[in-house]
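# Observations on the three-dimensional arrangement
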Amino acid sequence: MKYFSLFTGIGGFELGIQKAYENNSNRKSAKKCSNHARCMSMPNIRNGNGRRASASCIGYSEIEKSAINIYQKHFPEQKNYGDIRKIKPKTLPNFDLLVGGFPCQSFSIAGKRLGFKDTRGTLFFEIARIIKQKRPRFLLLENVKGLLSHNKGKTFAVILSTLYELGYDVEWQVLNSKNFGVPQNRERVFIVGYLGKKRRAKIFPITETNKETNLANTIRTGGRGSITKKHAWDLVQLAGGSQGYRVYDPKGISTTLASQAGGVGAKTGLYAIPVLTPDRINKRQNGRRVKGNNEPSFTLTAQDKHGVFDGIKIRRLTPVECERLQGFPDNWTAGISDTARYKCLGNAVTVNVVREIVRRLFLEK
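Let me begin by describing the structure that accompanies this report. (Residues numbered from 1 in each chain as written. Predicted model: local features only at pLDDT ≥ 70, side-chain atom pairs only at ≥ 80, totals over all residues. Heavy atoms only, no water.)

In terms of regular secondary structure, the chain is built from 9 helices and 12 strands. Expressed as a percentage of its 365 residues, the buried residues of the chain come to 51%. Intrachain contacts of the chain at a sequence separation of at least 6 include 64% that bridge at least 24 residues. Of the accessible surface of the chain, which amounts to about 17,900 Å², a share of 48% is contributed by carbon and sulfur atoms. (Helix = DSSP H or I, 4+ residues; strand = E, 2+ residues; numbered from the N terminus. Buried < 20%, exposed > 50% of the residue type's maximum accessible area, 1.4 Å probe, protein only. Contact = heavy atoms within 4.5 Å. Areas by Shrake-Rupley, 256 points an atom, 1.4 Å probe, with all protein chains shown as cover.)

Laid out in C-alpha cells, this is it:
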C-alpha cells in the first residue's frame, strides 16, 4: 500500500500507519526507528490472502517550518512537495491512499468559524483537485468536530457532495482520543472514502473503547496518587473561567490540546499539582508520596516531609506530557522552542486513532 500525506505536520498519520503495520517479532519498535522509508517498506504483516502487507509513503506536503524540522528528523528520506496549492498532480507517483488533517481553524468553535470564506477552508478543494487527477483507492481525512455543524451542516454537505461527485463512497465518525489509549478528551471527525466499488467492510462505527492507559505515567503529579474509577476517564474541572485559565485535576484526562489560543494555559490547560517537599522536588522517591486522611503516616525522616501538602502549584503541561497525550514517543518534538512544540502538538492527529483506523482498513480480514 502506497500513500500520500497532506498537511502532514509532525507525522501523526505516518507514525500511526507505521504502528498499524508494525510486527514486533521482526522489526524495531516505532519509537526506536529513525529511518521511516526503510521501516515503512519492510514486509511485515500478512493480509487475509496470506500475502505480506506493507506500506510506503510516496511523499508529503507541509509548509510550517517547525513541523518540517520535526518531520525530517524522523522521516529524512521523504520528499516534501511543499504548498498544496502549488502541487502538480501529474508529477506525483501513483498511490493507493491519501491521508490528511486539512486546516481546522476555519471550522473550529474556538475560532471565527468562517469555513469556506476563510482561505484555509478552501484548501479542501485543493485536496479534491489532487484526488480528481490521481484517483487513489482510499481516503482518510481528519478535522474538528465543529465541521459537522458549521453553517448548519452545509459546509460538511459540500465536502460530502464533492467527494461523491469524484466517485467516492464515504463514511465518517466522531472519535474521541480518550477511547484509544491516551488520556485526552479530543473529539475529531474522521472521514474514510472508497473509490467506486472498491469498498471494503465498513470501518465505522468503532464502538469499543480502550481504557488501559496508565494515566499516572502521562502527567507528572509529583507522586502516584490513586486514580479512582469515578475520575479515571472524566475531564475534572477544579476552577472555572475563560479558556486558558480553567484548572483541571491531573487525576482525570486532559482537556483538548490546542495549537492557538489566549491565556497562560490555553494550549494545554492548567492543572493543580500538589507540591511536596518543595526544597527537594527533584528527589526520586519510591511509591506514593501522599497519605490520605485517616491513614498512618510514612516513616518520618530528617529531610523529607512525606505526605505533607505544602501548597498547590498550578502549571500547564510540559511538551513531553503533550507528546504522550497525542500518542508520540517522548521528545518526538525536541529540538525546537517549547512554544513551537505546543503549537505542533496541538495541530497533530492522535497517533493511536490513526493506527486503529488503518488496521481496520487494510489489515483486518
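This part takes up the pattern of salt bridges. All told, the structure shown has 11 salt bridges when counted by the stated rule. Between Lys-145 and Glu-187 there is a salt bridge, with the nearest N and O atoms lying 3.3 Å from each other. Residue Lys-145 is found in the loop between strand S6 (138-144) and helix H5 (154-165), and its partner Glu-187 is found in strand S8 (residues 187-195); the two are separated by 42 residues along the sequence. Classification of Lys-145 as partly exposed rests on a relative accessible area of 39%. For the salt bridge of Arg-360 with Glu-356, the shortest nitrogen-to-oxygen distance reads 2.7 Å. With Arg-360 and Glu-356 both in helix H9 (residues 351-363), this residue pair falls 4 residues apart, about one helical turn. Here the residues in one salt-bridge network are Glu-323, Asp-338 and Arg-341, joined through shared partners. (Salt bridge = Lys/Arg side-chain N within 4 Å of Asp/Glu carboxyl O.)

Quick look at the nonpolar core now. Within the largest apolar cluster, 53 residues are counted, with the highest numbers of intra-cluster contacts made by Ile-10, Ile-17, Tyr-21, Leu-97, Leu-140, Ile-357 and Phe-362. Top element by residues in this core is H9. It accounts for 8 residues. With residues near it in sequence (within four places) discarded, Leu-140 still touches Phe-13, Leu-97, Leu-98, Val-99, Gly-100, Phe-190, Ile-191, Val-192, Ile-357 and Val-358. Counting 30 residues, the second largest nonpolar core, distinct from the first, contains Leu-6, Leu-123, Phe-124 and Leu-195. (Core = buried A, V, L, I, M, F, W, Y, C linked by side-chain atoms within 4.5 Å.)

The subject of this paragraph is helix H3 (residues 65-74). Listing the buried residues of H3 in full gives Ser-66, Ala-67, Ile-68, Ile-70, Tyr-71 and His-74. N-cap assignment for H3: the residue whose side-chain oxygen lies 3.1 Å from the backbone N of Ser-66 is Glu-64. (Polar contact = N/O pair within 3.5 Å; in protein donor to acceptor, adjacent residues only side chain to side chain.)

Glancing now at the packing of aromatic side chains. The relation between two aromatic rings is expressed through the spacing of the ring centres and the mutual angle of the planes. Counting across every chain of the model gives 12 aromatic pairs. Summarising the aromatic geometry, the rings of Phe-4 and Tyr-81 are spaced 5.7 Å apart at their centres and angled 90 degrees between planes, so their arrangement reads as edge-to-face. Placement of Phe-4 in strand S1 (residues 2-6) and of Tyr-81 in the loop between H3 and strand S5 (97-100) is noted, with a sequence separation of 77 residues between them. You'll find Phe-4 and Tyr-81 in the same group, each marked buried. Between the aromatic rings of Tyr-60 and Tyr-71, the centroid separation amounts to 4.0 Å while the plane-to-plane angle is 35 degrees, which identifies the pairing as tilted. One end of the pair, Tyr-60, is in strand S4 (residues 56-61); the other, Tyr-71, is in helix H3, and 11 residues separate them in sequence. (Phe/Tyr/Trp six-rings, centres within 6.5 Å; stacked < 30°, edge-to-face > 60°.)

Our next topic: the sheet that holds strand S7 (residues 168-176). Spatially, 6 strands are ordered S4-S1-S5-S6-S8-S7 in an open sheet, and the strand pairing comes out mixed. The sheet terminates laterally at S4 and S7, the two strands that pair on one side only. Adjacent strand axes in the sheet meet at a mean angle of 20 degrees when their direction is disregarded. Taken together, the 5 bridges between S1 and S4 define a ladder with parallel strand orientation. The partner of Phe-4 across the bridge, within S4, is Gly-59. (Pairing = 2+ DSSP bridges. Axes fitted to C-alpha atoms, helices over the stretch in contact; angles between N-to-C directions.)

Next up on the list: helix H4 (residues 123-134). If you check H4, its first and last C-alpha atoms are 17 Å apart, about what 12 residues at 1.5 Å a residue would give, namely 16 Å. Taken together, the buried residues of H4 touch S1, S5, S6, H5 and S7. At the C-terminal side of H4, Arg-135 shows a positive phi close to 55 degrees. (Expected span 1.5 Å × (residues − 1).)

This part covers the packing of helix H1 (residues 12-20) against H9. One way to put it is that H1 packs onto H9 with a least axis distance of 8 Å and a crossing angle of 50 degrees. The angle between H1 and H9 places the two elements in the oblique class. Regarding H1 and H9, the two cross each other, and that crossing is right-handed. Of the residues in H9, those touching H1 at Gly-12, Phe-13, Leu-15, Gly-16, Ile-17, Lys-19 and Ala-20 are Val-351, Val-354, Arg-355, Val-358, Arg-359 and Leu-363. (Parallel < 35°, antiparallel > 145°, perpendicular 65-115°, else oblique. Left-handed = near helix turned anticlockwise from the far one by under 90°.)

Interhelical geometry of H4 versus H5 gives an angle of 10 degrees and a closest axis separation of 11 Å. When the axis of H4 is compared with that of H5, the two are roughly parallel. When H4 is examined against H5, the residues Phe-124, Phe-125, Ala-128 and Ile-131 are found in contact with a partner set consisting of Val-158, Ile-159, Thr-162 and Leu-163. Counted by class, the contact of H4 with H5 contains 7 nonpolar, 1 polar and no charged residues. (Nonpolar A, V, L, I, M, F, W, Y, C, P; charged D, E, K, R; others polar.)

Our focus in this paragraph is unusual backbone geometry. With the exception of glycine, most residues fall at negative phi, and the peptide bonds are largely trans. Here the amide bond leading from Phe-204 into Pro-205 is cis, since omega sits at 5 degrees, within 30 degrees of zero. Looking at the secondary structure, you find Pro-205 in the loop between S8 and helix H6 (229-232). Notably, Arg-135 is not glycine yet its phi reads approximately 55 degrees, a positive angle. Residue placement: Arg-135 occurs in the loop between H4 and S6. Its relative accessible area of 36% is what places Arg-135 among the partly exposed residues.

The subject of this paragraph is the environment of Phe-4. On the accessibility criterion, Phe-4 (0% relative accessible area) is buried. Considered as a pair, Phe-4 and Tyr-60 are 56 residues apart in the sequence and their alpha carbons are 5.9 Å apart. Sequence-distant contacts of Phe-4, defined by excluding residues within four places in its chain, comprise Ile-58, Gly-59, Tyr-60, Tyr-81, Ile-87, Leu-92, Phe-95, Leu-97, Leu-98, Val-99 and Ile-130.

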